[in-house]
Amino acid sequence: MTDITKLSAFEMKRMICEKEISSRELTELHFNKIDEMEKSINAFITLNKEEALKLADKVDEKIRNGEKVGLLSGIPIGVKDNIMTKNLRTTCGSKMLENFIPPYDATVVERIKSADGIIMGKTNMDEFAMGSSTETSYFGPTKNPIDLERVPGGSSGGSAAAVRAGEVALSLGTDTGGSIRQPASYCDVVGIKPTYGIVSRYGTVAMANTLDQVGVFGRDVKDAVLMLSSITGYDEKDSTSFKNPDGTIIFGSFPKEMDYDNYLKGMKIAIPKEIFNIGIDSSIKEQMNKSIKIFEALGAEISEISLPHLEYALAAYYIISTSELSSNLARFDGVRYGHRAKEYTTLDELYTNSRTEAFGEEVKRRIMLGTYSLTKGYAEEHYKKALKVRTLIIEDFNNVFSKYDVILSPTSPILPFKFGEKLKDPLAMYKADLFTAPINLAGICAMSVPCGSIDGLPLGLQIIGDKYKEANIIKAGLGFEGGIKNGL
């Protein structure tokens, strides 16, 4: 018998709309799968069972009455736990917000609900989105469904693992330096980080405002694009939201057929020579070359190019991101909301004790790094220099995209690693963002799509596109995925 929880979101949607299964039945099947899987993977922090079943019943009622249903009609969805959900606990994976219940929904959550998606619960994450393994969560680590001894990636590890394990069909994550694409690679699913500004960040707890972007996970490219379709669009509540002049969805018309032969024919694809000189494993290089050959076989034009400032991107990213987060996290002071220390005698002690008790080691480390970079006497040397490097990186990408449609790279320079393997070596952990962080610095779009495995461990291919050119990475992803399915 077919395990319905393993089907694509598109197939689930078809079954619901054609009355082969009710939305309530599908929701209950997924909650049963969650009950079965959570003992081993810990992908969820908070479940939304009662409300989810009510939403499912409303979808079923619409279908019975012949009413039009939304784009996500009855599909089970997970939401990363740094995205606000009204009356549903939002913790950011931290003791600081262990009992915080938001009074409003994030814009992306409102859009999921209006598209008739079923929010199953809040997924696990690295504390305040700081980490690449989901090991820093106050609620315990999430395990990779492919290999329970290994991490699922981070910080959106719970969202990726939940999709891979069949607990939900689709999920939301956030990506500041690779936090969607890297876990997508590690869990063998598709993850999209859209262009900065095309998805509203209103109601998303900020880590680094100029880098953060809400994005999506799906089991294949079409599923991920379906999810992205439902949450894009201008939002007047977000001052960084992109207002599309003609009112259309900026990644073009949604592809209805996987005509993989034509998607890649004539597409101009760039391969940065720097990615092979940064010290990635030979097996990853070999898999990367195999992926490039699939693009060639399907008619793409491949050229080697240079991104000369790529080697400085990771250092610039960590200076900028930690500087922004040290400022953002100042609001968690034990006064307005969040954890408050019980023992203190002065206001300074209240601040110090509350933050010391409620923040984990990685959060404290990054706050200290950011505060140092912004300190008088060091801001010129570190923060402002990092901003100049960011400008150079943006110029590098602009130069390439003036001639090419997409850029290819591995999503991660390392394979999924075992728990504890890199936790005591922060620099080794930070290197997992080597190929993903530059995308956030430039504000452009990128997708991680499965491209094979090495010794049973999955590897993702990163497809990078210019600002507002999601259509290019979608076509490239569909074409590549179709090539793999057809044995290329």
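This write-up is about the structure you can find in this document. (Residues numbered from 1 in each chain as written. Predicted model: local features only at pLDDT ≥ 70, side-chain atom pairs only at ≥ 80, totals over all residues. Heavy atoms only, no water.)

Quick look at the overall build of the chain
The helix and strand inventory of the chain stands at 16 helices and eleven strands. Here the C-alpha atoms of the chain give a radius of gyration of 21 Å, agreeing with the 23 Å that 2.2 N^0.38 yields for 488 residues. Each principal axis of the C-alpha atoms in the chain carries an extent, and together these give about 65 × 55 × 50 Å. Every one of the 488 residues in the chain was classed for burial, and the buried ones make up 60%. Of all intrachain contacts in the chain linking residues separated by at least 6 positions in sequence, the fraction that spans at least 24 positions is 75%. In the structure as shown, the chain presents an accessible area of about 19,400 Å², 50% of it carried by carbon and sulfur atoms. (Helix = DSSP H or I, 4+ residues; strand = E, 2+ residues; numbered from the N terminus. Rg over C-alpha atoms; globule rule 2.2 N^0.38 Å. Buried < 20%, exposed > 50% of the residue type's maximum accessible area, 1.4 Å probe, protein only. Contact = heavy atoms within 4.5 Å. Areas by Shrake-Rupley, 256 points an atom, 1.4 Å probe, with all protein chains shown as cover.)

Description of the nonpolar core
Within the largest apolar cluster, 137 residues are counted, with the highest numbers of intra-cluster contacts made by Phe-128, Leu-172, Ile-231, Phe-295 and Phe-397. Once you skip the residues sitting within four places of it in the chain, Phe-128 turns out to touch Cys-92, Ser-94, Met-96, Leu-97, Val-205, Met-207, Leu-329, Phe-332, Phe-359 and Val-363. In this structure, Val-151, Tyr-186, Met-429 and Ala-432 belong to the second largest nonpolar core, which totals five residues. (Core = buried A, V, L, I, M, F, W, Y, C linked by side-chain atoms within 4.5 Å.)

Regarding the packing of helix 10 (residues 313–328) against helix 12 (residues 361–374)
Contact geometry for helix 10 and helix 12: axes closest at 7 Å, N-to-C directions at 100°. Classified by the interaxial angle, the pair formed by helix 10 and helix 12 is roughly perpendicular. Residues Tyr-318, Ile-319, Thr-322, Ser-323, Leu-325 and Ser-326 of helix 10 form the contact with helix 12, whose own contacting residues are Arg-366, Ile-367, Leu-369, Gly-370, Thr-371, Ser-373 and Leu-374. Along the lines of polarity and charge, the residues of the contact of helix 10 with helix 12 split into six nonpolar, six polar and one charged. (Axes fitted to C-alpha atoms, helices over the stretch in contact; angles between N-to-C directions. Parallel < 35°, antiparallel > 145°, perpendicular 65-115°, else oblique. Nonpolar A, V, L, I, M, F, W, Y, C, P; charged D, E, K, R; others polar.)

Considering the packing of aromatic side chains
For the coordinates displayed, the defined rule picks out 13 aromatic pairs. Here the aromatic rings of Tyr-317 and Tyr-318 are separated by 4.8 Å at their centres, their planes lie at 80°, and the arrangement is edge-to-face. Its relative accessible area of 10% is what places Tyr-318 among the buried residues. On the basis of an interplanar angle of 15° and a centroid distance of 6.3 Å, the ring pair of Phe-397 and Phe-401 is categorised as stacked. With Phe-397 and Phe-401 both in helix 13 (residues 383–401) and four residues apart, the pair spans about one turn of that helix. With respect to burial, Phe-397 and Phe-401 carry one shared label: buried. Each residue in the set Phe-100, Phe-128, Phe-332, Tyr-337 and Phe-359 is aromatic and connected to the rest through ring pairs, giving one cluster. (Phe/Tyr/Trp six-rings, centres within 6.5 Å; stacked < 30°, edge-to-face > 60°.)

That's the geometry; what it means functionally is another story.
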